[in-house]
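This is what each chain is made of:
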Amino acid sequence: MTSQAVTVNTVPGLLDAVSGMRAPEGISVQGRLEGVPGFTLPPGATLVGVGEGATLVFEGGGDGVRLTQDNQVADLRLETAPAARAVHNDTSVDALGTLELRRVSTVGRVELLARDRVGSGHIRIDDLDIEAADARECLPRPQGYNVEVLQGAFTLYNQQPDSGVLITCQLSDIAVGRDGAPVRGGGVFVSGTPGGGRVEGERLYTGPVFSDGGIPAGTPGRISGGVFVVYAAIREVVNGGPVTTYGVNDMVLDLWGEVESWTAHAPITSHGPSGIGFVNFGTIRRLTVAAPIETFGLGARGFNIYDGTVDRAEFDRIVTHADAAVGIQISKPFGSLTVHRGIETHGAEGESLVKGELMRLAATALSLKPGSHALRIRIDGGITTHGPGVPAVEILGSVDELDINGPIRAQGGAAG
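Everything numeric in this text was worked out from a predicted model, so none of it was measured.

Enquirer: When you look at the pairing of strand β2 (residues 26-36) in this model, what are you seeing that I'm missing?
Expert: Consecutive side chains of a regular strand alternate in pointing toward one face of the sheet and then the other. Where strand β1 (residues 6-8) and β2 come together, 3 bridges link them in parallel fashion. When the sheet's bridge partners are listed, Val8 is paired in β2 with Val29. Where β2 lies against strand β4 (residues 46-58), 9 bridges are found, and the strand directions are parallel. The residue bridging Ser28 from the neighbouring strand is Val48, located in β4.

Enquirer: Would you mind showing me how to read helix α1 (residues 11-19) here?
Expert: At 3.6 residues per turn, the α-helix brings residues three or four places apart onto the same side. Of the positions making up α1, those classed as buried are Val11, Leu14, Ala17 and Val18. The buried residues of α1 occupy one face: seen down the axis, they fall within an arc of 130 degrees. Among the exposed residues of α1, those oriented more than 90 degrees off its buried face are Pro12, Asp16 and Ser19. Packed against the buried residues of α1 are β1, β2, β3 (39-40) and β4.

Enquirer: Explanation requested: the pattern of salt bridges in the structure shown.
Expert: In a structure, side chains of opposite charge can pair up when their charged atoms sit close to one another. In this structure the tally under the stated criterion is 27 salt bridges. Asp129 is the partner of Arg178 in a salt bridge, and the nearest nitrogen-oxygen pair spans 2.9 Å. Taken together, the positions of Arg178 in the loop between β14 (166-176) and β15 (183-184) and Asp129 in strand β10 (residues 120-132) put the pair 49 residues apart, joining distant regions of the chain. For Arg317, the salt bridge is made with Glu344, and the minimal N-O distance between the two is 2.6 Å. Of this pair, Arg317 sits in the loop between β28 (309-315) and β29 (318-320) while Glu344 sits in strand β32 (residues 343-345), placing them 27 residues apart in sequence. Here the two residues Arg317 and Glu344 agree in accessibility, since each one is buried.

Enquirer: Before we go on, may I ask you to explain the packing of aromatic side chains in this structure?
Expert: For any two aromatic rings, the description comes down to two numbers: the centre-to-centre distance and the angle of the planes. Following the criterion strictly, the structure yields 11 aromatic pairs and no others. Residues Tyr145 and Phe281 carry aromatic rings whose centres are separated by 4.2 Å and whose planes lie at 35 degrees to one another, so their mutual orientation is tilted. Pair noted here: Tyr145 is in the loop between β11 (143-144) and β12 (147-149) and Phe281 is in the loop between β24 (278-280) and β25 (283-289), with a separation of 136 residues, a long-range link. A relative accessible area of 9% means that Phe281 is categorised as buried. A network of ring pairs unites the aromatic residues Tyr145, Phe228, Tyr231, Trp256, Phe281 and Tyr306 as a single cluster.

Calculation rules
- Residues numbered from 1 in each chain as written.
- Predicted model: local features only at pLDDT ≥ 70, side-chain atom pairs only at ≥ 80, totals over all residues.
- Heavy atoms only, no water.
- Pairing = 2+ DSSP bridges.
- Helix = DSSP H or I, 4+ residues; strand = E, 2+ residues; numbered from the N terminus.
- Buried < 20%, exposed > 50% of the residue type's maximum accessible area, 1.4 Å probe, protein only.
- Arc of directions from axis to C-beta.
- Contact = heavy atoms within 4.5 Å.
- Salt bridge = Lys/Arg side-chain N within 4 Å of Asp/Glu carboxyl O.
- Phe/Tyr/Trp six-rings, centres within 6.5 Å; stacked < 30°, edge-to-face > 60°.

Written out as structure tokens, the structure is:
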């Protein structure tokens, strides 16, 4: 064969093109091909859809396209079973080169791993839409803070034990799930390994994300996230669309790693028990949530700093609706915090997941725990709690400058 692109519109033609490749070349897919066996793209090869509706439907719900080195998949829809991998990679190669997905939609997971022989690589995503996926059974799961983390519909995971193994990434326009039809397991998951393989990236941009971890009630040692930067360092995270979680212990936005700037432009919403709007265990220089954080489940708090720190945090508004659902709870020193349109909670006392353990909490609007210290807190729009006996403000740490503009109301009768 020559190095020219081959156009295929049948399954046998596709398989012949893949098996006959001798040098870097491309395959162009026309139309909808069904009953496609999973296949591997040779190093340097591209797989591109041509014309409207270019689709590969994989047989038996098995895995789909396996990438090797320097591959690109573009302008194509890939369908398999939700728990299978629509796109994955060969881990027997020494280096991934650059693996690129552009304008790809899937039913099925996208899983990109560094393990076995993989020692380097760069991942580039530009417009990936994962309509349905199920990552609940994927192993291994990162561990920390007395919990393990479910992998996601989109997973980039460096599992190597060697800290010299670096995977770099630029991840743009990743959308996951549908409103009312979330993916199962996590949504967008990016992680390295503590003391081992690293993941570093310039950007992680997401569109709409809807996930339900499917974690059984009464499982305190397991969590998932709508967008979860686990053990990774990303310069800029942007949530351009809403991020919504539905299940038990489903964090909406979660960080265990390092981020320079994290900005959410659309609502952050949690419907399940112990599902926190934004929870931080890592390091953020600048956090901006320019739309409301709203939670509805038992113990589903708005914003937490349990470890690490945030230099500057800015929120539009935080509202919680259930017992034990604290508005803002902080346990560590941090810089400044601003809320523009107030904090409001509607619940009373109840149980919530804290570092892998269920604890009794009141739905206090602003709670600074022992060990916390703030340089500056400014709340515009007031602070309100509605639950019986729930204080509006609890300060057991210290604040250099506290500025609350608007009423401080404990409607349920506790001292504010």
